[in-house]
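One letter stands for each residue in the lines below.
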Amino acid sequence: MRSTIKKRCGRSFQVEQVLEVLGFKMAAVVGIIIRRRRISSSSSSSLDDEEFFQQRKKRKLRPRITDYADVVGRYADNEFKSHFRMSKSTFEYLVNIIRGDLIRKVNGCPTIPAEKQLMIALWKMATSDSYRSVCDRFNVGKATGLRAVRRVTYSLHKRAARWIQWPVGDRAITVMQQFEASSGFPRVIGAIDGTHIRIDAPQENAPDYVNRKHFHSIQLQVGNNCQKIMFINIKWFLQLVCDSNMLITHCYTGHPGSVHDQRVFRLSDVANFVEDAEKFPMDSHLLGDAAYELHEHLLVPFRDNGHLDRTAKQI
């Protein structure tokens, strides 16, 4: 009986040992299987991530007008000028001057051609189109279009003094002769006036930018020697002086639209010019409208106080 029990107990103990060993083995196998599944799942997920990032790196191309720059090349000169506010020959002259400023000089993605950058900038300046519309027309991204406009503007600003020059010497004499021949006024070296450049209402001090025409603007004072001017389709107050061929000889801007023309004049360099006889050879002078004050070198219309005769009113 005891031997039987011992045998049975020994067998049961052996069975328990076997089961315990098998349990450890099964646990090890299950652990291996789990680890392998984790490794395979992580590798597949990493592959999925790589595919995802590769797809994100691919540039998404929107449908745009793809050949407009080529179409521009086939425009007649008058049609080209109606779009870009200058002739083809002037465009080529200008792009050759500023080309070096429009090409990136560091490693990276190549910039779009200088001709295309100038087209984008001129179109944006000459029309009221949004960047979205302009960039869609020229088949570039909005960031590319914005950078093109900034490059062109900065390049032209650097060279502004090359073309915007106060007439001196023989040039001043020629301007006076042309003014007298066209208008009958003797010894006129330029005409001065201001205009408003429209802007969106600024976040700060917005009422200061509302002009007498009831829109927000910044002033530009222009003095010119009276060729056509390409106007930018925004509104500041702009004071310009031009000559008899409508060539700008002085430009001043930056004041809010509510500032009066005379105050803009006093704050500009022209206010110092009129005190300098060398700027006005042969006792010459500027012509201005009634917004300006009379000065030795700045003639304005007679003030109509009700006592002017017909001749004075015409002047």
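Now for a description of the structure that goes with this document. (Residues numbered from 1 in each chain as written. Predicted model: local features only at pLDDT ≥ 70, side-chain atom pairs only at ≥ 80, totals over all residues. Heavy atoms only, no water.)

1. Considering the overall build of the protein
In step 1: Per the secondary structure count, the protein includes 12 helices and 6 strands.
In step 2: Carbon and sulfur atoms provide 54% of the accessible area of the protein, an area that totals close to 21,100 Å². (Helix = DSSP H or I, 4+ residues; strand = E, 2+ residues; numbered from the N terminus. Areas by Shrake-Rupley, 256 points an atom, 1.4 Å probe, with all protein chains shown as cover.)

2. Quick notes on the pattern of salt bridges
In step 1: Counting across every chain of the model gives 4 salt bridges.
In step 2: In this structure, D101 engages K158 in a salt bridge whose closest nitrogen and oxygen atoms are separated by 3.4 Å. Taken as a pair, D101 in helix α4 (residues 88–102) and K158 in helix α7 (residues 142–158) lie far apart in primary sequence, 57 residues in all.
In step 3: With a shortest N-O distance of 2.6 Å, R159 and D101 are connected by a salt bridge. In this pair, R159 is assigned in the loop between α7 and α8 (160–163) and D101 in helix α4, connecting sequence segments 58 residues apart.
In step 4: Ionic contacts of the salt-bridge type, sharing partners, join the residues D101, K158 and R159 into one network. (Salt bridge = Lys/Arg side-chain N within 4 Å of Asp/Glu carboxyl O.)

3. So, the packing of α4 against helix α5 (residues 114–126)
In step 1: Close contact between α4 and α5 brings their axes to 9 Å; oriented N to C, the two are set at 110°. Between α4 and α5, the angle falls in the class roughly perpendicular. Only A114, E115, Q117, L118, M119 and L122 of α5 make contact with α4, whose side of the interface consists of F91, L94, V95, I98, R99 and L102.
In step 2: The class makeup of the residues in the contact of α4 with α5 is 9 nonpolar, 1 polar and 2 charged. (Axes fitted to C-alpha atoms, helices over the stretch in contact; angles between N-to-C directions. Parallel < 35°, antiparallel > 145°, perpendicular 65-115°, else oblique. Contact = heavy atoms within 4.5 Å. Nonpolar A, V, L, I, M, F, W, Y, C, P; charged D, E, K, R; others polar.)

4. Quick look at the environment of K81
In step 1: Its location among the elements puts K81 in helix α3 (residues 77–84).
In step 2: Linking K81 and F91, residues 10 residues apart in sequence, is a C-alpha distance of 9.5 Å.
In step 3: With residues up to four places along the chain from it excluded, the contact list for K81 reads M86 and S87.

5. Digging into helix α6 (residues 131–138)
For an α-helix, 3.6 residues make a turn, and residues three or four places apart therefore share a direction.
In step 1: The set of residues buried in α6 consists of V134, C135 and F138. Down the axis of α6, the buried side of the element spans an arc of 95°, and every buried residue falls inside it.
In step 2: Lining the buried residues of α6 we find α2 (68–72), α3, α5 and α7.
In step 3: Just beyond α6, the residue with positive phi is N139, at close to 60°. (Buried < 20%, exposed > 50% of the residue type's maximum accessible area, 1.4 Å probe, protein only. Arc of directions from axis to C-beta.)

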